[in-house]
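Remarks on the overall topology
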Amino acid sequence: MPDLSTDTGGIRSPNPFWLASAPPANSGAQIQRAFDAGWGGAVWKTLGTPIQNVSSRFGGHTIGSVRGAGFNNIELITDRPLEVNLREITETKKRWPHNPIIVSLMVETREEWRDIIKRSIDAGADGLELNFGCPHGMCERGMGSAVGQEPAVNERITSWACEFSTVPVLVKLTPNVSDIVPHGMAAKRGGAHGISLINTIKSIIAVDIDRFVPEPRVGSLSTNGGYCGAAVKPIALHMVAALAREPGFGLPISGIGGVRNWRDAVEFMLLGSSTVQVCTEVMLRGYRVVEDMRDGLEEYMRSKGFGRVQDMVGKAVPAFSEWGDLDMNYETVARIDADRCIGCQLCVAACHDGAHQCIHPQEGTRVPRVDESECVGCNLCQIVCPAPGCITMERVDNGHRPATWNDHVSHGAALRPKKGAH
Amino acid sequence: MPARFPAERSETAFTDYKLPLLPAQAAVEAGRCLFCHDAPCITACPTHIDIPQFIRKIAGGNDRGAARTIFESNILGMSCARVCPVEVLCVGACVYNDLDEPPIQIGKLQRHATDRAFEEGWRFFEAGAPTGRRVALVGGGPASLAAAHELRRLGHACTMYERRGFLGGLNTTGIAPHKMKADRSVNEAEWVLAIGGVEMRTGAEVGRDVALADLEREFDAVFVGIGLGADSRAKAPGEDLPGVLGAVEWIERMKLGDAGLSGVRHAVVVGAGNTAMDALRELLALGVPQVTMLYRGTEETMGGYAHEWQAAKEAGARAEWRAVAGAFEGNGRLRRLRCMRVDAARAPVEGSEFALDADLALLAIGQSKLGAALAGLAGITVESGIVRVDAHGFTGRPGWYAGGDCANGGKEVVNAAAEGMAAARAIDRELAAGGGTGRRGATHA
Ligand SMILES: Cc1cc2nc3c(=O)[nH]c(=O)nc-3n(C[C@H](O)[C@H](O)[C@H](O)COP(=O)(O)OP(=O)(O)OC[C@H]3O[C@@H](n4cnc5c(N)ncnc54)[C@H](O)[C@@H]3O)c2cc1C
Ligand SMILES: Cc1cc2nc3c(=O)[nH]c(=O)nc-3n(C[C@H](O)[C@H](O)[C@H](O)COP(=O)(O)O)c2cc1C
Ligand code: SF4
Ligand code: SF4
Ligand code: SF4
């Protein structure tokens, strides 16, 4: 039986699945139900000076028949009194001593940080998460992503927190930056024990085309919200990996953004996350989704021979490289398995109109033909093909030795002739 | 115990009526499940399988986890996936029925995961630490198999008495072969018992070869899962003629050997319950040109499921409603049924007599009840042949439990599985609390 327990910057957890700081982690009763359902840990809904929320607050992005493929919100931090939250943290810790509670915080001044950190730790926090990520409402007040976008401020506040805290400090980064690395490095310089990312992405989820108002609509107005859910996973994976591979970074990472199932979690782990956090999928389907996450992770680890979560964390990071280091002479072409082909010719349309005009209809059959001498191996046909296993991208031995663009530029390594540039 | 039924049996002519899902179809179907909260499909399944959870696992590519979720609640989940009347259980309760969309094909998804478990040889359960307690199981059908498996997980030693030479009960001998064939049920029984620690006594009939009193002396608890008895008779003249058979008896013959249909031109099935529905479809599938159901009630009052009758009609069955057989006639062999109409109160209608030429009549008017076998034990109540039990299968006599058809009067395999499991847990609780038959001198009269 693989061991699912984890350690993220000194925060130990019975399994790598945490509730992200968000509505599912809003109160003690909820978090206790989540622990009952099997969640490893929880990041409490961000504490600070309680705010007031608007209605409505959420928007959903339906793609085809998939409701909530993307999700956004204009909600702020906790709207509950600090004392109530702290009391519930203490109660929850008493009942669930082995499941970490990480308290998310967002305040302004050094004195406020000192005070809220002390009270959180006194209440029983196993770790802190500094919310430098919220892209709406709080940043206008000089908090949230306003901090996460300014490395110097990030570093200063992180160092305050680390000075005041006796428990590990995670810094939660905003994705609303052009390059995540300086922000992760700033947190590291400030003394953070780990990084959580991503928070939500600045977005307008949709527009009400009859009322001429973006959504979610509050009366006759709307505002930009934070995008999250399944659709943001690729962005989150990239940011996690960008930090994980950064030489000199090396902090543990708690990965967040679009985790729906065990497979998503495994991807985050292979790119360097030792824990993952989930918000939207729980909002859409409830705490029970963790059962498949745990079970599927366990099956995956068993099938790959990983005894502990740590054995797999970062396994795919070395393979995340720069474009200039990719082998320009590595060549693939599309092959169509005529037995599996259903003759829809989506590949023909895609290749003709969207790629390199090398898949052609044939006389007397619906199965198209790939002109391998012209195929650039772009994958487009494979992506559109609805028949599983029908189009495969096959390696071609073209006789050329491996050569990267960087090799070519620095010492003239020979590149194979271009294909599809007619 | 290897299945040693002849390779050439009438039932082997059948193919699956409900086709399995291809892996890609399973993924699409699983992706449709809404993962309902407090899902009605779970409530509708007698074993309360966590259906949304196992379907979610299939959707995420975790078939092994899906199979575990299923077997955790129902160790007979493989055969249930094939034989359950899902239309009136899980699938019938799916919320999609209230949208204009087809309900989730839960049985087929369950089959997808459990078939894979059998193909890949996945095993999930181990016997519990030995408790030193011994439990007897009377009968080797679904109820006893589910009970034995759970008892072994809880660490109790088991001995199973089965009067026949093979296991599975009616799951082996009764299920329509377009749902499942006999060897699959026997293989399932072996797979279940591979948990180990169940001593098998096949060919041993309790009450004849083994006395109830001996069981009480030798075991801390007894689970009775003896099912139902022989087909009920029509009590009409001529019913002993060759060509007049009990339906369950004929179905068993058809499943385990030769259906004996050569030369049969017209078969009549008497009764309109689910055994009758199966017999109609089986006779037609095996090439009997004309198959008629004779029933004293109407389509509204029939006991068989509407979806089964629909399928029988589509296969070519016809019905004589409000009609009963007064006599079976023939010269050394059945040739004709003398019938008459009855009114709504089931009284014969004067002058309504008619004849049906037939060379085979199957009586599907119920099975006898075996509860009387226990009637001699103080504390056990038997009503109309059915053993009375509480919600946990307890009979009222310390250490004695019952479940499945003998206690519920005849339901489905999935009910037998649920009741066997519930009884096993109740036995465990009773033994843990120091109760039981008194093999160890527990303090009861
Ligand atoms: C024709 C027919 C078709 C059916 N089709 C379906 C279907 O499609 N789906 C479905 O879910 N259900 C179906 N059923 C019902 C289902 O088969 C039963 O509900 C289920 O098998 C009951 O399980 P059980 O363990 O209680 O009894 P059984 O399956 O009857 O098993 C009882 C066992 O006990 C043994 N036994 C009896 N007396 C003794 C004794 N004194 N000593 C030792 N052993 C003894 C018997 O030999 C038998 O093996 C069908 C039933 C029939 C008759
Ligand atoms: C309604 C809502 C409220 C949120 N509130 C907070 C918050 O208070 N503090 C915080 O750090 N992140 C908050 N988040 C962001 C989530 O914690 C998480 O980083 C983000 O939703 C991405 O994860 P997901 O794709 O699993 O939802 C919120 C997200 C949503 C949808
Ligand atoms: S997209 Fe796939 S299935 Fe369709 S024609 Fe092309 S190869 Fe065949
Ligand atoms: S056991 Fe039967 S009723 Fe229960 S979920 Fe499976 S198919 Fe449906
Ligand atoms: S009721 Fe239907 S949609 Fe809902 S969980 Fe059950 S199978 Fe899925």
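Report follows, based on the coordinates. (Residues numbered from 1 in each chain as written. Chains lettered and ligands numbered in written order. Predicted model: local features only at pLDDT ≥ 70, side-chain atom pairs only at ≥ 80, totals over all residues. Heavy atoms only, no water.)

1. Points about unusual backbone geometry
Defined as follows: Helix and strand assignments follow DSSP, with helices taken as H or I runs no shorter than four residues and strands as E runs no shorter than two, numbered in order from the N terminus. The classification of residues rests on relative accessible area computed with a 1.4 Å probe and restricted to protein chains. Under 20% of the type maximum is buried, over 50% is exposed, and intermediate values are partly exposed.
Cis geometry is adopted by the peptide bond preceding I198(A), which originates at L197(A) and carries an omega value of 15°. When you line up the elements, I198(A) lands in the loop between β10 (194–197) and β11 (201–203). With phi around 45°, D38(B) is a residue other than glycine that occupies positive phi space. Positive phi, normally seen in glycine, also occurs at S384(B), with a value near 50°. Take S384(B): it is sitting in the loop between β15 (382–383) and β16 (386–387). On the basis of relative accessible area, S384(B) is assigned to the exposed category, the value being 68%.

2. Brief notes about helix α13 (residues 274–285) of chain B
Residues and elements named next belong to chain B. Basically, it comes down to this: Expected span of a helix, by definition, is 1.5 Å for each gap between consecutive residues, and there is one gap fewer than residues.
For α13, which comprises twelve residues, the first-to-last C-alpha distance of 16 Å matches the rise-based estimate of 16 Å (1.5 Å per residue) to within 8%. Looking at α13, one finds that the buried residues are A276, M277, D278, A279, L280, R281, E282, L283 and L284. Immediately downstream of α13, the backbone of G287 shows phi near 95°, a positive value.

3. Remarks on the pairing of strand β11 (residues 336–341) of chain B
Residue and element names in this part refer to chain B. Let me state the cut-off plainly: In this description, strands pair whenever DSSP reports at least two bridges between them.
As defined by bridge partners, strand β10 (residues 323–329) adjoins β11 across six bridges and the pair is classed as antiparallel. Within β11, the residue paired with V324 across the bridge is M340. The turn joining β10 and β11, which pair antiparallel and follow one another in sequence, is formed by six residues; a positive phi near 80° is taken by G332. Here four bridges tie β11 to strand β12 (residues 354–357), and the two strands are oriented antiparallel to one another. Bridge pairing in β12 links R338 to A355.

4. Structural notes on the packing of helix α1 (residues 28–37) of chain A against helix α2 (residues 82–95) of chain A
All names here are of chain A. To keep it simple, the criterion reads: Axis definition: a line fitted to C-alpha atoms, over the contacting stretch in the case of helices. Angles run 0 to 180 degrees between N-to-C directions. Should an angle fall under 35 degrees it is taken as roughly parallel, and over 145 as roughly antiparallel, whereas 65 to 115 is taken as roughly perpendicular and any remaining angle as oblique. Helix crossings are classified by the rotation of the near helix relative to the far one: an anticlockwise turn of less than a right angle makes the crossing left-handed, while a clockwise turn makes it right-handed. Whether two residues are in contact is decided by their heavy atoms: any pair within 4.5 Å suffices.
In contact at an axis separation of 9 Å, α1 and α2 are set at 20° when each is read in the N-to-C sense. Of the possible angle classes, the one that applies to α1 and α2 is roughly parallel. For α1 against α2, the interelement crossing comes out right-handed. Counting all contacts with α1, which are made through G28, I31, Q32 and F35, the residues of α2 involved are E88, E91, T92 and R95.

5. Thoughts on the site of ligand 5
Applied cut-off: If a single non-hydrogen atom of a residue is within 4 Å of a molecule or strand, that residue counts as near it. Each residue is assigned to one class: nonpolar for Ala, Val, Leu, Ile, Met, Phe, Trp, Tyr, Cys and Pro, charged for Asp, Glu, Lys and Arg, and polar for all the others, Gly among them.
C33(B), L34(B), C36(B), A39(B), C41(B), P52(B), C94(B), V95(B), Y96(B), I104(B) and I106(B) make up every residue found near ligand 5. Across the shell around ligand 5, the residue classes break down as eleven nonpolar, no polar and no charged.

6. Digging into the sheet that holds strand β4 (residues 221–224) of chain B
Pairing between the strands of a sheet comes from backbone hydrogen bonds, and it takes one of two forms, parallel or antiparallel. Residues and elements named next belong to chain B. What the five strands build is an open sheet, ordered β3-β2-β1-β4-β17; its pairing is parallel. Among the strands making up the open sheet, the edge pair consists of β3 (198–202) and β17 (400–402). The mean inter-strand angle of the sheet, taken between neighbouring strand axes irrespective of direction, is 20°. One ladder, built from five bridges, connects strand β2 (residues 157–162) with β3; its direction is parallel. Bridged to E162 within β3 is T202. Lying over the sheet, helix α8 (residues 142–153) contacts β1 (134–138), β2, β3 and β4, oriented at roughly 165° with respect to β2.

Fair warning: the whole summary comes from geometry, so function is off the table for now.
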